[in-house]
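Okay, here's what each chain looks like letter by letter:
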Amino acid sequence: MCFGTPWGISLDGLLASVLWHRHKAAAAARGEVLTYDPLAVPEDLELPLARCEAGQPWHWMCTFAHTVPTTPYPEPRMRSSRTDHADLQRLSPSVPSTVSDARGHYRKRLIPAAATITATATWRAVGDPGKITELLAEVTDIGKYRTSGEGRVTAWTIEPAPGDDVWSAGHEHHPGVLGRSTPAPCVADRPDIVHGGRSRIAVRAPYAHPSRHADAAYLPAPDEAQR
Ligand SMILES: [Zn+2]
């Protein structure tokens, strides 16, 4: 699978994407078009997960994907990208009669994508296993470049883990290793936790929206193979 970040895909993002698609389909059935407005503060979809409100913004109790890559480094895969000529026509009133694929700003180009080669990705969460199972059943591909065939899901397995520590299940890949972006107050009394540094970063879906960002939050620890 291909990630757009040095860490894995968030479980709350995957679950929210299913609900968002369902909302869009329901709106379409009513003859409406539901659009994401980046300037508005997005509403929180009701995910079947517990919330951690130790820091600001609050976050869902679930981790990012933990992978055990079979190669020591991500594998570079080349994709080709071609300028959409019809799109140029829409963007500009004056487009030359020919736009070359071979030279100039708008030539065809190769774009590298870093793929993590792994048989499994694992998340931990505190939530309703039945509802999580039902939502994940609709997720057939994960990560970036799905239309190029990356991130194909063969099967989802949901395993209840009633003996696990609740805080750990919502924050750690395994005890002592941070598995998600986390506001600083969450880990204030855990000085020995392994993490990936500190930065301004989103802590819950939609991760691209500034209202979900926390300053000096802790980043998840990198996968073993990339440490
Ligand atoms: Zn927390």
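Keep in mind the model is a prediction, meaning the values are calculated, not measured. (Residues numbered from 1 in each chain as written. Predicted model: local features only at pLDDT ≥ 70, side-chain atom pairs only at ≥ 80, totals over all residues. Heavy atoms only, no water.)

### Quick word on the environment of arginine 212
Working step 1: With respect to the helices and strands, the residue arginine 212 is situated in the loop between β9 (198-202) and β10 (213-218).
Working step 2: Spatially, the C-alpha atoms of arginine 212 and glycine 179 are 18 Å apart, while their sequence positions differ by 33 residues.
Working step 3: Those residues in contact with arginine 212, other than ones at most four positions away along the chain, are Val41, Pro42, Glu43, Asp44, Pro57, Ile201, Ala202, Val203, Arg204, Ala205 and Pro206.
Working step 4: One polar contact links arginine 212 to serine 211, side chain to side chain, over a distance of 3.0 Å. (Helix = DSSP H or I, 4+ residues; strand = E, 2+ residues; numbered from the N terminus. Contact = heavy atoms within 4.5 Å. Polar contact = N/O pair within 3.5 Å; in protein donor to acceptor, adjacent residues only side chain to side chain.)

### Considerations on the coordination of the zinc ion
Working step 1: The protein atoms that coordinate the zinc ion are Cys52 (SG), His59 (NE2), His171 (NE2) and Cys186 (SG), at distances spanning 2.0 to 2.3 Å.
Working step 2: Coordination geometry of the zinc ion: the 4 donor atoms subtend angles of 99 to 125° at the metal centre, consistent with an arrangement described as tetrahedral.
Working step 3: Mapped onto the sequence, the residues coordinating the zinc ion show the spacing C-x6-H-x111-H-x14-C. Here the residue histidine 59 occupies a position in strand β2 (residues 59-60), and cysteine 186 occupies one in the loop between β8 (177-178) and β9, the gap between them amounting to 127 residues. Across the pair, exposure class does not vary: histidine 59 and cysteine 186 are buried alike. (Donors = N, O, S within 2.8 Å, 3.2 Å for Na, K, Ca; no water. Tetrahedral: all angles 85-135°; square planar, octahedral: opposite > 155°, others 65-115°. Buried < 20%, exposed > 50% of the residue type's maximum accessible area, 1.4 Å probe, protein only.)

### Here we look at the domain arrangement of the protein
Working step 1: According to the domain assignment, the protein consists of domain 1 (11-74 + 116-226) and domain 2 (80-113).
Working step 2: Measuring from the centre of the C-alpha atoms in domain 1 to the corresponding centre in domain 2 gives 35 Å. (Domains from an automatic or database assignment.)

### Overview of the layout of surface pockets
Working step 1: As a volume, the largest pocket reaches approximately 1,300 Å³.
Working step 2: Gly13, Leu14, Ser17, Pro206 and Tyr207 are the residues nearest the centre of the largest pocket, which is lined by 45 residues in total.
Working step 3: Elements supplying a minimum of two residues to the lining of the largest pocket: α1 (11-29) and β9.
Working step 4: The dominant element in the lining of the largest pocket, judged by the number of residues it contributes, is α1, at 9 residues.
Working step 5: Of the residues assigned to the lining of the largest pocket, the class counts are 25 nonpolar, 12 polar and 8 charged.
Working step 6: Its boundaries defined by the atoms lining it, the second largest pocket holds a volume of some 1,100 Å³.
Working step 7: Lining the second largest pocket are 36 residues, and of these Ala121, Thr122, Trp123, Thr157 and Ile158 sit closest to its centre. (1 Å grid on protein atoms, 1.4 Å probe; cavity = no way out; pocket = protein on both sides within 12 Å on 5 of 7 lines; lining within 4 Å. Points joined across faces, edges and corners; volume = space filled by probe spheres on them. Nonpolar A, V, L, I, M, F, W, Y, C, P; charged D, E, K, R; others polar.)

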